[in-house]
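Residue-level structure breakdown
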Amino acid sequence: MSDKRHSRLDAPRTPASVFAALGDETRLSVLTKLCNGVPQSISRLTAGTNLSRQAVTKHLRVLTNAGVVRSLRVGRESLFELEPQPIEEVRDYLDQISKQWDDALARLKAHVEE
Amino acid sequence: MSDRIEKTIELKAPVSRVWRALTDHHEFGTWFRVRLDGPFVPGQVSRGQITYPGYEQVQWEAVVQKMEPERLFSFTWHPYAIDPNQDYSGEPPTLAEFTLQSIPMGTLLRVVESGFDRLPSNRRLEAFRMNDSGWSQQILNVERHVGQAP
C-alpha cells in the first residue's frame, strides 16, 4: 500500500485545498464516477457528460493536486482513481451518521419525556 | 479516522422508562423510525421497514447482541445500508451499544457505534455518493468558512 500513496504527495495538501477542490459541482460529479473504485481514463470520464476533454483534464488536475485523485500510467494511457483518504479526513461519512444519531436521540428524548 | 461515534444525552425519565423505549420494538420503532416485525431477542436477527421519510423502501436488519435489563442494549448492523440493490451481508457490521445510568434528573444514556474502520473504503464514501448535492453544499459552506479565516 505504501507505494500507492506516492503520487498524491507531490503537492502540499491542506484541508483548505481539499475543500476548495471539492467545492465545485463538476469536480464532485467526476469524483462520483470514481467512487466505484475502478481507475478510469479521461475519455471514459468525459463520456456521457457535456464537458470537453480539456475541461475534465483541468478538473482532474485540481483533484490530483488536492490529493483526492491520483493518476496511474497504464501503457500510453493515464488512468485516474479515487484516493479516499483526504475525503475521509474531512469526515463526511462519520459526520452524517453522527447527525443521524443526534436526530434519533432527540426523538428518543421527546418520546420518553413527553 | 476514528473508529467510533459516541453520544451521551441526559433524559428526564427514569431508567426503566428509557429501557422500555429502547427495547420494546414498538417504542423503538417510534423514535428510530422503523416498523419492526417482532420483539428484540438477543442473538436473533431483527427485521423491519424503515419509516424515515424518503427511505421507506429500505429494509432494517440488525442482530441483537446484548439485553442486560436497564443497563445495556446492543445490536450489530450495517450503517447507511440504504441501497436496496446492494447486498451488504458480506461486510463487517458496526456495533451500536446503548448504556443506561441512573442520575438525579433521570437517565444518562450513552450511545457508542464502533467498527467503521473495518468497512470497505468505497462504502465509507457511500454517503458522499448518495447525497451529492447536499454534500457539495456542505463542502461549500466549509470552504466559505475556511476562506474567511484569517
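Residues numbered from 1 in each chain as written. Chains lettered and ligands numbered in written order. Predicted model: local features only at pLDDT ≥ 70, side-chain atom pairs only at ≥ 80, totals over all residues.

1. Details of the overall build of chain A
- Counting its secondary structure elements, chain A contains six helices and three strands.
- Moving toward the C terminus, one meets the helices and strands of chain A in the order α-α-β-α-α-β-β-α-α. (Helix = DSSP H or I, 4+ residues; strand = E, 2+ residues; numbered from the N terminus.)

2. Some details on the overall build of chain B
- Looking only at helices and strands, chain B features five helices and seven strands.
- Across the 150 residues in chain B, those meeting the buried criterion constitute 22%.
- Across chain B, the fraction of contacts at a sequence separation of at least 24, relative to all contacts at a separation of at least 6, is 41%. (Buried ≥ 20, exposed ≤ 12 C-beta atoms within 10 Å, placed from the backbone. Contact = placed C-beta atoms within 7 Å.)

3. Some details on the sheet that holds strand E2 (residues 34-36) of chain B
Residue and element names in this part refer to chain B.
- Spatially, seven strands are ordered E1-E7-E6-E5-E4-E3-E2 in an open sheet, and the strand pairing comes out antiparallel. Of all the strands in the sheet, just strand E1 (4-11) and E2 have a single pairing partner and so form its edges. Neighbouring strand axes in the sheet, compared pairwise and without regard to direction, differ in orientation by 25 degrees on average.
- Pairing between E2 and strand E3 (residues 45-50): three bridges, direction antiparallel. Looking across to E3, one finds that valine 34 is bridged to isoleucine 50.
- Across the sheet, helix H1 (residues 15-23) is in contact with E1, strand E4 (59-68), strand E5 (72-77), strand E6 (94-103) and strand E7 (106-114); its angle to E6 comes to roughly 160 degrees.
- Packing against the sheet, helix H2 (residues 25-32) makes contact with E2 and E3, and its axis sits at approximately 165 degrees to E2. (Pairing = 2+ DSSP bridges. Axes fitted to C-alpha atoms, helices over the stretch in contact; angles between N-to-C directions.)

4. Section: the environment of glutamate 77 of chain A
Residues and elements named next belong to chain A.
- Position of glutamate 77 among the secondary structure elements: in strand E3 (residues 77-82).
- For glutamate 77, a count of 11 C-beta atoms within 10 Å translates into the label exposed.
- Through-space distance from the C-alpha of glutamate 77 to that of isoleucine 42 is 9.0 Å; in sequence the pair is 35 residues apart.

5. Considerations on unusual backbone geometry
Residues and elements named next belong to chain B.
- Not every positive phi belongs to a glycine, and arginine 33 is a case in point at roughly 65 degrees.
- One can find arginine 33 in the loop between H2 and E2.
- The backbone phi angle of glutamate 70 is positive, close to 60 degrees, even though this residue is not glycine.
- Residue glutamate 70 is classed as partly exposed on the basis of its 18 C-beta neighbours within 10 Å.

6. Things to note about the pairing of E4 of chain B
Residue and element names in this part refer to chain B.
- Pairing geometry for E3 and E4, over five bridges, is antiparallel. Residue pairing for E4: arginine 47 is matched across the bridge by glutamate 61.
- Summarising the sheet, E4 and E5 pair through six bridges and their orientation is antiparallel. By the bridge assignment for E5, lysine 66 is matched with serine 74.

7. Topic: the sheet that holds strand E1 (residues 40-41) of chain A
Residue and element names in this part refer to chain A.
- Judged by pairing direction, the sheet is antiparallel, and its three strands sit side by side in the order E1-E3-E2 without closing on themselves. Where the open sheet ends on each side, the last strands, each with one partner, are E1 and strand E2 (69-74).
- Both E2 and E3 contribute to a ladder of six bridges, which runs antiparallel. Note on E3: the bridge partner recorded for valine 69 is leucine 82.
- Helix H2 (residues 25-34) contacts E1, E2 and E3 of the sheet and is inclined by roughly 90 degrees relative to E3.
- Relative to the sheet, helix H4 (residues 53-66) contacts E2 and E3, its axis offset from that of E2 by approximately 110 degrees.

8. As for H4 of chain A
Residue and element names in this part refer to chain A.
- For H4, with 14 residues, the first-to-last C-alpha span of 20 Å sits near the 20 Å given by 1.5 Å per residue.
- Among the residues making up H4, those that are buried are Val56, His59, Leu60, Leu63 and Ala66. For H4, the angular spread of buried residues about the axis comes to 120 degrees, placing them on one side.
- One or two steps after H4, the chain reaches glycine 67, where phi turns positive at roughly 85 degrees. (Expected span 1.5 Å × (residues − 1). Arc of directions from axis to C-beta.)

9. Here we look at the confidence of the model for chain B
Residue and element names in this part refer to chain B.
- Considering every residue of chain B, the mean pLDDT works out to 78; 69% of them sit at 70 or more.
- Across chain B, E5 holds the top mean pLDDT of 95, while helix H5 (residues 132-148) sits lowest at 41.
- Throughout residues 127-150 the model reports pLDDT below 50, and contacts reaching past four residues in sequence, or to other chains, amount to 26 contacts.
- Overall fold confidence (pTM) sits at 0.57, and the ipTM for the predicted complex is 0.72. (pLDDT = per-residue confidence, 0-100.)

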